Amino acid sequence: MKEALYYDKHHDGKVLCQLCPRGCLISEGHEGLCGVRGNRGGVLYALTYGKTVSAAFDPIEKKPLNHFYPGSKTFSLGSVGCNMRCLHCQNWQISHLSASGVNGQLTDLSPQQAVSRAKAEHCRALVWTYNEPSIWIEYVLDSAKLARQAGLQTVLVTSGMINPAPLQDLLQWTDAYRLDIKGFSEDCYQRLTGSRVLKQVLDNAKTAYDSGAHVEIVTNIIPNWNDSDEQLHGLSRWIVGNLSPDVPWHVTRYYPCYKMTEPATPITTLERARQIGMSEGLNYVYVGNVPGHSAEKTRCPDCGRLLIDRSGYQIVVNHIEGGACKFCGCRIGHYRGD
């Protein structure tokens with residue numbers, strides 16, 4: 001076991017985890033709400049350090065990241081546990097598991113092995129995804145440092161529920177920060193995730209952007225939960241005013257899953273969300289989880305010409321050259337590519 005970072009010891013043998021806003025006070029033999037940071041003998045341990053439940057070679061578009069080395073291959077890693085309890089979680093089978101409840105079904109993968117496998121398969125990036133990466137921050141930090149040394153990009157796919165100090169440590173080794181913003185009201189966050197952390201998530205998004213990390217935002221649009229004009233205008237306006245009009249916003253289609261039984265999001269709702277985002281000044285609003293939709297493609301915000309043609313997760317053509325539109329020369333802001 002690896003001793004965890006970001007905690008305080010109490011005189012009664014309990015430990016206070018300071019990784020995320022939950023601030024779990026954990027008794028001997030127990031874990032925090034995330035299920036993977038446990039008190040053993042008055043010491044907090046990262047119980048899933050180097051233990052994966054999923055390791056796959058994925059296109060970067062699957063994260064989704066549309067402006068970060070389009071068409072590149074990634075080595076994506078996930079484990080168990082999460083510090084949120086989202087009613088619509090698509091990966092609840094692993095994110096709601098605890099380290100003590102997996103019965104030895106995790107696969108050992110050291111940071112060195114993770115980087116070696118990524119390099120052997122000619123991946124552009126190492127990605128921590130599938131479950132919340134911040135809850136196994138010790139493994140992510142060790143792996144990210146090695147990845148950087150090996151010339152790999154590093155990507156977090158995260159809910160953004162982390163305290164400022166550990167976030168700053170992560171961002172030193174993070175090239176791309178793909179963030180879920182689940183709604184634009186604290187009440188929505190409370191009902192949907194069990195935590196009133198919208199302000200913290202927004203603060204963390206700005207911190208990540210200001211650090212120089214590549215940021216893209218995803219909102220899974222759920223009927224009657226976060227699809228009101230008020231929330232959609234509010235979030236779009238916030239991205240433009242606090243990050244940049246060039247930060248991509250992915251509005252993705254929700255499907256019933258786990259404890260959420262609302263019908264799947266109408267495509268017209270996603271199109272309305274996209275129109276709202278662009279009316280507020282966003283240059284790139286993508287419709288996701290709707291294969292073949294025209295709004296999964298990238299167009300020049302100046303001349304309107306098609307720049308990146310996508311078919312699912314595949315790049316058909318890319319007309320961005322040197323970070324600019326091939327046709328009119330417009331700089332494509334917030335874009336990283338070869």
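Shown above is the structure to which this text applies.
Figured I'd write up the structure that's included with this text. This one's a predicted model, so the numbers in the text were calculated from it and none came from an experiment.

Here we look at the sheet that holds strand β1 (residues 2-3)
Ordered in space as β1-β6-β5, the three strands form an open sheet in which the pairing is antiparallel. Either end of the sheet is taken by a strand with one partner, and the two such strands are β1 and β5 (37-40). The sheet contact formed by β1 and strand β6 (residues 43-46) spans two bridges and is antiparallel. Counterpart to K2 in the pairing with β6 is A46.

Some points on the environment of I222
With respect to the helices and strands, the residue I222 is situated in the loop between β14 (214-221) and α7 (229-242). Each C-alpha atom, one on I222 and one on S211, is 31 Å from the other, the two residues being eleven residues apart in sequence. Setting aside chain neighbours within four positions, we find I222 in contact with H88, L192, D227, Y254, M260 and T265.

Here's the deal with the pattern of salt bridges
In the structure shown here, the tally under the stated rule is 16 salt bridges. The partner of D210 in a salt bridge is K206, with the nearest N and O atoms 3.3 Å apart. Separated by four residues within a single helix, D210 and K206 lie in helix α6 (residues 198-210), roughly one turn from each other. The partly exposed category is assigned to K206, whose relative accessible area is 33%. Here the residues in one salt-bridge network are D58, K62 and K63, joined through shared partners.

Section: the side chain of E138
Of note, E138 is situated in helix α3 (residues 137-149). Of the polar contacts made by the side chain of E138, one reaches the backbone nitrogen of L5; its length is 2.8 Å. One polar contact links E138 to R37, side chain to side chain, over a distance of 2.8 Å. Those residues in contact with E138, other than ones at most four positions away along the chain, are E3, A4, L5, R37, A46 and Y49.

Things to note about the environment of T252
On the secondary structure map, T252 appears in strand β15 (residues 249-253). The class for T252 is buried, based on a relative accessible area of 7%. Not counting chain neighbours up to four residues away, the residues in contact with T252 comprise V218, T219, N220, I221, L270, G288 and N289. Of the polar contacts made by the side chain of T252, one reaches the side chain of N220; its length is 2.9 Å.

Concerning the sheet that holds strand β18 (residues 306-311)
Sheet architecture is open: three strands sit in the order β17-β18-β19, paired in antiparallel fashion. Strands with a single pairing partner mark the edges of an open sheet, and in this sheet they are β17 (298-299) and β19 (314-318). Pairing of β18 with β19 involves four bridges; the strand directions are antiparallel. Across the sheet, residue D309 finds its bridge partner in β19, namely V317.

Here we look at the pairing of strand β11 (residues 125-128)
On β11, burial covers both faces: A125 and V127 on one face and L126 and W128 on the other are all buried. Here strand β9 (residues 73-78) runs beside β11; their pairing, made up of four bridges, is parallel. Looking at β11, one finds that S76 is bridged to V127. Alignment of β11 against strand β12 (residues 153-158), held across four bridges, turns out to be parallel. In the sheet register, W128 faces β12, and the bridge partner there is L156. For the crossover that starts at β11, traverses α3 and ends in the parallel β12, the hand is right-handed.

Cut-offs applied
- Numbering of residues starts from 1 in each chain and follows the order in which that chain's sequence is written.
- For this predicted model, a pLDDT threshold of at least 70 governs which residues receive local features, and a threshold of 80 or more governs which side-chain atom pairs are given and counted, while totals over whole chains, interfaces and linings are taken from all residues.
- Water and hydrogen atoms were dropped before computing side-chain values, which therefore reflect all heavy atoms in the structure.
- For two strands to be treated as a pair, DSSP must find no fewer than two bridges joining them.
- Numbering of helices and strands starts at the N terminus; helices are DSSP runs of H or I of at least 4 residues and strands are runs of E of at least 2.
- Residue contacts follow a heavy-atom distance rule, with two residues in contact if any of their heavy atoms lie within 4.5 Å.
- In the sections that follow, a salt bridge refers to a side-chain nitrogen of Lys or Arg positioned within 4 Å of a carboxyl oxygen of Asp or Glu.
- Throughout, exposure labels follow a simple rule: accessible area from a 1.4 Å probe, protein chains only, divided by the maximum for the residue type, with under 20% read as buried, over 50% as exposed, and the rest as partly exposed.
- For this analysis, a polar contact is any N or O atom pair within 3.5 Å, provided that within protein one partner can donate a hydrogen and the other can accept it, and provided that sequence-adjacent residues contribute only side-chain to side-chain pairs.
- With strands facing away from the observer, any crossover in which the path from the first strand over the helix to the second runs clockwise is taken as right-handed.

Shape descriptors only; they carry no functional weight alone.
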